[in-house]
Amino acid sequence: MRANHTLITRRNFTGSALAAVTILGAARVGAASDIAPTPDQTLGPFYPVQHLAETDADLTRIKGHKNRAQGTVIEVTGRVLDRHGNPVRGARLEVWQCNAAGRYAHPNDIAAVPLDPDFQGYAAITTGQHGDWRITTIKPAGYDSPIGFRTPHIHFDVRGRSHRLTTQMYFPEDQVTNAKDGVFKNMGGDAVRALARADGVARYGWDIVLMDG
């Protein structure tokens with residue numbers, strides 16, 4: 001009777017141990033499949049505390065203006081996801097950038113290059129049901145700044161339900177100037193997640209991954 005009790009106990013122990021290993025292994029696999037978040041970056045000195053009344057997703061046209069913004073018109077699309085790959089519906093994105101000459105519509109930008117009166121320069125948009133977003137804008141120029149040369153980039157301030165991310169998006173064709181940009185270089189290996197992908201002529205795709213939705 002005692003031996004049988006010992007046998008059952010050992011069997012139960014073995015079964016429990018195997019179950020624990022299986023659960024632990026599944027948890028590790030789940031953790032390993034998480035998507036690395038988009039790197040956090042500086043807000044920068046030219047966040048548009050004042051901007052035009054228009055904040056729609058087309059930065060190249062302003063109501064009542066005959067002309068379109070100067071420069072190469074591009075389209076950027078993407079999704080906002082959490083680290084598990086789930087789309088974040090209703091996330092709010094603020095987007096801003098310099099114009100095609102390399103100047104922001106900001107009182108502290110004292111660059112000698114001209115402003116573009118037909119460039120909106122800022123957008124405030126919300127992700128769709130599948131976390132999707134889209135903007136039409138112009139390819140920004142690189143420019144000299146007090147912290148050194150800045151390669152072409154677009155600023156994003158992203159607010160999900162429980163996480164906020166300030167970051168910047170860079171262009172894959174600008175390898176030479178990206179390598180000279182101190183902000184880009186400071187990201188190290190994480191910089192690859194701040195690079196858009198080319199989706200055709202003047203079209204780019206970039207998914208933004210928050211730590212939590």
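Predicted model only: the values in this text are computed from it and were never measured.

### Side note on the sheet that holds strand E7 (residues 153-159)
Then, number 1: Taken in spatial order, the four strands make up an open sheet running E3-E2-E7-E8, and their pairing is antiparallel. Strands with a single pairing partner mark the edges of an open sheet, and in this sheet they are strand E3 (122-126) and strand E8 (164-170). For this sheet, the mean angle separating the axes of adjacent strands, direction not counted, is 20°.
Then, number 2: Sheet analysis places strand E2 (residues 92-96) next to E7, joined by five bridges and oriented antiparallel. Paired with Arg92 across the bridge in E7 is Arg159.

### Some points on the environment of Glu54
Then, number 1: Tracing the chain through its elements places Glu54 in the loop between helix H1 (2-32) and strand E1 (73-82).
Then, number 2: Once the C-alpha coordinates of Glu54 and Tyr122 are considered, the two residues, 68 residues apart in sequence, prove to be 8.3 Å apart.
Then, number 3: Beyond its immediate stretch of four places on either side in the chain, Glu54 contacts Arg61, Ile62, Lys63, Gln120 and Tyr122.
Then, number 4: Engagement of the side chain of Glu54 in a polar contact is seen with the backbone nitrogen of Lys63, the distance being 2.5 Å.

Rules used in this analysis
- Residues numbered from 1 in each chain as written.
- Predicted model: local features only at pLDDT ≥ 70, side-chain atom pairs only at ≥ 80, totals over all residues.
- Heavy atoms only, no water.
- Pairing = 2+ DSSP bridges.
- Helix = DSSP H or I, 4+ residues; strand = E, 2+ residues; numbered from the N terminus.
- Axes fitted to C-alpha atoms, helices over the stretch in contact; angles between N-to-C directions.
- Contact = heavy atoms within 4.5 Å.
- Polar contact = N/O pair within 3.5 Å; in protein donor to acceptor, adjacent residues only side chain to side chain.

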